[in-house]
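# Observations on the model geometry
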Amino acid sequence: MKKILLFIACTITFLGCEEYLDKVEDSTGMTADDVYTDYLNFRKFEDRMYKDMHNYLSAGDYTYIAALCDEGYLGPGWETMPTAQNGDWLRSYNTGQALQFYGVWRAWESIRIINLSLENLHMLTNATQEQIDQLKGQAHFMRAWYYFEFLRRQGGMPYITYSFKGSDNFALPRLSYHETALQIAADCDTAAGLLPVRWDTQNIGRPEKGSAMAVKAAALLFSASPTNNPSNDQSRWELAAQASWDLLSTLGPSVTGGNSRYKLLECKGTDRVEYRIPGNDTIYRTINFTGGFDSIFLYQPFHDEIIWEHYPSSYDAGMYTVFTVPSLSGAGVIQGFTPSANFVDQFETANGLAIEDDPAFNDQNPYVDRDPRFYHSILFNGVRWTSRTGRYMELYEGGAERQPSVYYAYSGYMARKFWGKNVDQWSGARPPFNHTIYFRLADILLQYAEACNEIGGPGYTLPGATLSAEDAVNMVRARVKMPPVNSMYLNSKDNFRARIKNERAVEFFLEGKRLFDLSRWGDAHKIKHKQLFADDFTHNPSAPTGYNISRASAPFATYTFEQKHYRWPIPLKDALMFEAFEQNPGW
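In this report, we go over the structure that sits alongside the text. (Residues numbered from 1 in each chain as written. Predicted model: local features only at pLDDT ≥ 70, side-chain atom pairs only at ≥ 80, totals over all residues. Heavy atoms only, no water.)

## As for the overall build of the chain
The criterion, for reference: We count a stretch as a helix when DSSP gives it H or I for four or more residues in a row; a strand needs E for two or more, and each element gets its number in order from the N terminus. When we talk radius of gyration, it's over C-alpha atoms, and the globule rule is simply 2.2 Å times the number of residues to the 0.38. Any residue under 20% of the maximum accessible area for its type is buried, any over 50% is exposed, and the rest in between are partly exposed; the area is computed with a 1.4 Å probe on protein chains only. Between two residues, a contact is recorded if the distance between any of their heavy atoms is within 4.5 Å. Computed with a 1.4 Å probe, the accessible areas rest on the Shrake-Rupley method; for each residue, only the protein chains presented here act as cover.
The secondary structure content of the chain amounts to 20 helices and 12 strands. Here the chain has a C-alpha radius of gyration of 24 Å; the compact-globule value for 587 residues is 25 Å, and the two agree. Once the C-alpha set of the chain is aligned to its principal axes, its extents read approximately 85 × 50 × 45 Å. Burial analysis of the chain (587 residues in total) assigns 60% to the buried set. Sequence-distant contacts in the chain: of pairs separated by 6 or more residues, those separated by 24 or more amount to 70%. Carbon and sulfur atoms make up 49% of the accessible area of the chain, which totals about 21,400 Å².

## Quick word on helix α3 (residues 39-46)
Spelled out, the test is: Think of the arc as the fan of directions from the helix axis to the C-beta atoms. A 3.5 Å cut-off defines polar contacts: any pair of N or O atoms within that distance qualifies, except that in protein one atom must be a possible hydrogen donor and the other a possible acceptor, and neighbouring residues in sequence count only when both atoms are side-chain atoms.
Taken as a whole, α3 has its buried residues at Tyr-39, Asn-41, Phe-42, Phe-45 and Glu-46. The buried side chains of α3 occupy one side of the element, clustering within an arc of 165° when seen end-on. In α3, the exposed positions that point more than 90 degrees away from the buried face belong to Leu-40 and Lys-44. Of the residues flanking the start of α3, the one acting as N-cap is Asp-38, its side-chain oxygen 3.3 Å from the backbone nitrogen of Leu-40.

## Considering empty space enclosed by the protein
Put simply, the test is: Definitions used throughout: a 1 Å grid over protein atoms alone; a cavity as a set of points that fits a 1.4 Å probe which cannot get out; a pocket as an open set with protein on both sides within 12 Å along at least five of seven lines; a lining residue as one with an atom within 4 Å of a point. Grid points are joined across faces, edges and corners, and a volume is the space filled by probe spheres set on the points. Here the nonpolar group is Ala, Val, Leu, Ile, Met, Phe, Trp, Tyr, Cys and Pro; Asp, Glu, Lys and Arg are the charged ones; every other residue, Gly included, is treated as polar.
Tallied over the entire structure, the rule returns 5 cavities of 30 Å³ or more. Quantified by volume, the largest cavity comes out at close to 200 Å³. Residue lining of the largest cavity: 24 residues in total, with Arg-152, Tyr-438, Gly-512, Lys-513 and Phe-516 positioned closest to the centre. Broken down by secondary-structure element, the contributors of at least two residues to the lining of the largest cavity are α8 (129-151), α10 (209-224), β8 (437-440), α15 (441-456) and α18 (514-521). The residue inventory of the lining of the largest cavity, partitioned by class, reads 11 nonpolar, 4 polar and 9 charged.

## A short note on the packing of aromatic side chains
The following threshold applies: Planes of paired rings set the category: under 30 degrees apart is stacked, over 60 is edge-to-face and the rest tilted, where pairs are Phe, Tyr or Trp rings (Trp by its six-membered ring) whose centres lie within 6.5 Å.
Going through the model one piece at a time under the given rule, you end up with 55 aromatic pairs. Seen from their ring centres, Phe-293 and Phe-297 are 5.4 Å apart, and the 75° between their planes marks the pair as edge-to-face. Exposure remark for Phe-293: the relative accessible area of 1% places this residue in the buried category. Plain terms: the ring middles of Phe-516 and Trp-568 are 6.2 Å apart, the flat faces sit at 20° to each other, and that makes the pair stacked. Note that Phe-516 is positioned in helix α18 and Trp-568 in the loop between β12 (557-558) and α20 (572-575), a separation of 52 residues in sequence. In this pair, the class of Phe-516 matches that of Trp-568, namely buried.

## A few points about the side chain of Arg-152
Positionally, Arg-152 belongs in the loop between α8 and α9 (177-192). Engagement of the side chain of Arg-152 in a polar contact is seen with the side chain of Glu-149, the distance being 2.6 Å. Setting aside chain neighbours within four positions, we find Arg-152 in contact with Trp-145, Tyr-177, Phe-222, Gly-512 and Phe-516.

## Remarks on the layout of surface pockets
Reported here for the largest pocket is a volume of approximately 500 Å³. In this structure, the largest pocket is lined by 23 residues; those nearest its centre are Gln-346, Asn-502, Arg-514, Lys-528 and His-529. Of all the secondary-structure elements, those providing two or more residues to the lining of the largest pocket are α13 (341-344), α17 (493-507), α18 and α19 (527-530). Among the elements that make up the lining of the largest pocket, the one with the highest residue count is α17 (4 residues). Taken together, the residues that form the lining of the largest pocket break down as 8 nonpolar, 5 polar and 10 charged.

## Notes on the nonpolar core
For clarity, the threshold we go by: By nonpolar core we mean a set of buried residues, namely Ala, Val, Leu, Ile, Met, Phe, Trp, Tyr and Cys, connected to one another through side-chain atoms within 4.5 Å.
Met-142, Trp-145, Ile-184, Phe-323, Phe-337, Phe-380 and Phe-439 are the most contacted members of the largest nonpolar core, which has 180 residues in total. If we ignore the near neighbours within four places in the chain, the residues touching Phe-337 are Ala-66, Ala-67, Glu-71, Gly-72, Tyr-73, Leu-74, Val-322, Phe-323, Ala-415, Phe-509 and Leu-510.

## Things to note about the environment of Asp-47
In this fold, Asp-47 is placed in the loop between α3 and β1 (72-73). We classify Asp-47 as partly exposed; its relative accessible area is 23%. Sequence spacing of Asp-47 and Arg-206 is 159 residues, and the spatial spacing of their C-alpha atoms is 10.0 Å.

## So, the state of the cysteines
Here is the rule: Cysteine sulfur atoms are paired as a disulfide whenever they come within 2.5 Å of each other.
All chains considered together, the criterion is met by 0 disulfides. Take Cys-452: it sits in no disulfide, and the sulfur closest to it among the cysteines is that of Cys-188, at 20 Å.

## Quick notes on the side chain of Arg-370
Condition: Charge counting treats Lys and Arg as positive and Asp and Glu as negative, with His and both chain ends excluded. Just to be clear on terms, a salt bridge is a Lys or Arg side-chain nitrogen sitting within 4 Å of an Asp or Glu carboxyl oxygen.
Looking at the element boundaries, Arg-370 is found in the loop between α13 and α14 (372-377). Buried charge without a partner: Arg-370 forms no salt bridge, and the closest opposite charge is Asp-345, 5.3 Å away. A distance of 2.8 Å separates a polar atom in the side chain of Arg-370 from the backbone oxygen of Pro-366.

## Thoughts on α9
Basically, it comes down to this: Helix span is expected to be 1.5 Å times the residue number reduced by one.
The end-to-end C-alpha separation of α9 is 22 Å, in line with the 22 Å expected for 16 residues at 1.5 Å each. All of the buried residues along α9 are Tyr-177, His-178, Thr-180, Ala-181, Ile-184, Ala-185, Asp-187, Cys-188, Ala-191 and Ala-192. Close packing links the buried residues of α9 with α8, α10 and α11 (234-251).

## Details of the pattern of salt bridges
It is possible for side chains bearing opposite charge to pair when their charged atoms get close. In total, this model carries 43 salt bridges according to the counting rule given. We note a salt bridge from Arg-499 to Glu-348, for which the minimum N-O separation is 2.7 Å. Of this pair, Arg-499 sits in helix α17 while Glu-348 is found in the loop between α13 and α14, placing the two residues 151 residues apart along the sequence. In terms of burial, Arg-499 and Glu-348 fall into one category: buried. In this structure, Asp-536 and Arg-402 form a salt bridge, with 3.3 Å as the shortest nitrogen-oxygen distance. One end of the pair, Asp-536, is in strand β10 (residues 535-539); the other, Arg-402, is in the loop between β6 (378-380) and β7 (413-415), and 134 residues separate them in sequence. Using a relative accessible area of 23% as the deciding quantity, one classes Asp-536 as partly exposed. Among the charged side chains, a salt-bridge network with shared partners connects Glu-305, Glu-348, Asp-371, Arg-373, Lys-417, Arg-440, Arg-477, Arg-479, Arg-499, Glu-503, Glu-507 and Glu-511.

## Topic: the packing of α15 against α17
What counts, and what does not: In this analysis, axes come from line fits to C-alpha atoms, helices being fitted only over the stretch in contact, and the angle between any two N-to-C directions falls in the range 0 to 180 degrees. Should an angle fall under 35 degrees it is called roughly parallel, over 145 degrees roughly antiparallel, and 65 to 115 degrees roughly perpendicular, with every other angle called oblique. If you view the pair so one helix is near and one far, a crossing is left-handed when the near helix is turned anticlockwise from the far one by less than a right angle, and right-handed when it is turned clockwise.
Relative orientation of the contacting elements α15 and α17 amounts to 165°, with a least axis distance of 10 Å. Looking at the two axes, α15 sits roughly antiparallel to α17. Along this stretch, α15 crosses α17, giving a crossing that reads as left-handed. Packed against α15, whose contacting residues are Ala-442, Asp-443, Leu-446, Gln-447, Ala-449, Glu-450, Asn-453, Glu-454, Ile-455 and Gly-456, the element α17 presents Lys-493, Phe-496, Arg-497, Ile-500, Glu-503, Arg-504 and Glu-507 at the interface. Split into classes, the residues belonging to the contact of α15 with α17 amount to 6 nonpolar, 3 polar and 8 charged.

The following block contains the structure:
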């Protein structure tokens, strides 16, 4: 009888050839009947479909996605990162640790496992109906998930729902972007009808009903967005808004009519940062701000804002090293991520205004009275962060954290968001839980707001819903005690669209969304999103921070993003395999 393995470890191509499709490594001695008829064996086999989930925060990914857009920069300690930053994305598939590229593309192998599982589910003899539904629901969800990963990178794909045999036709044409999004939505609908609302504690991290509803909403939003909807077909925005509202009204908080399976994590209490102002007499200042936002990402093993995440990475003690520099934790291959100063500018003032719109904002005293998410996300010059007494961040030129060398902070800022307090070379403290979140409730609220604004403007409420676009954004802001969107931004779709984009930028900083957002909006090629600037600091004892602060006249990095980069290339060996499987334009 034909043998089957519990893990399929083939060299991956798109569909490969008969050798790939039929290759089964006879490593366990188990027959197909042994696997497909027994529940535990079947589940072990199917669970292999999770192996290609991409951890966008992994220190082992040398194509770190936050360093491919205006969020920030990682220096060229290895050829892989500069290759991707310079736009040579075809080559990126063949460079070491380019997990954002070949690590995601190899998910075709997992899709084959999914299709085999669905085809053989009828063979199970010792499973309950609930267990069968859970296996089926997870398979449909993970197929949708991997196709969503392809969709937001390479675009439309052949949507393969069966395992190929040697005699099958492999030369399948690619579907359009929207056709692929609809197939993803259909798989998500099936999954949502089968998956539990909440797993028990032994199965935390598996996709739930809400995970499927979130992926559906995101796929439809991407299909409605300008890059993928050049005619601005309003029906696509309506589909996206409805999908987001379906999740909110079913599983969201009570204010949206849901059962409160998912809730915004409440920000309780007050946090503070202390910073040093050098001068004739050193001054120490304290800034108080709304606390708790960091608990979305750190410290807790799970909570009710998370809808879908890369749960195994919660225990990864090394992810924070990307954000450190050698002066704080020794050297590493991927280290020294530095947010661009132009991105830091997107954090509003505490008055709820863009810094350029707030007459109270002082660019020589820029750290005070900012959106609380600024303090949860950004480390600035002079702030105390380490466990070492008397140690303050030196982010001025030549300071301990800003040396003219790879792995150091280039911009005058560092990232705090995924870096637990007092985790450094002096404390020896183990990093806390660290969540790599794909979707959380705030994302669904902002997706709903974006789609509603495109349909009818800031005040538009989807028929049957109870929130307007403006209301949804204000819910996200209110959590961190930010004021509602100012009326000056509510007088047109265009102005409110700009604030939604800004809200997504600061709310989801470093959460793997920025490059994809810029791409679907058609903004990624614009020079302001490709150039990364630093702030320079000149010591002046009479200045509010002890330094004169000025924006560098030239960018310290400029990324390559052209029109062709809106559709990532298909690896060359796969694009040349079949004429029907077309390469994306420009590659």
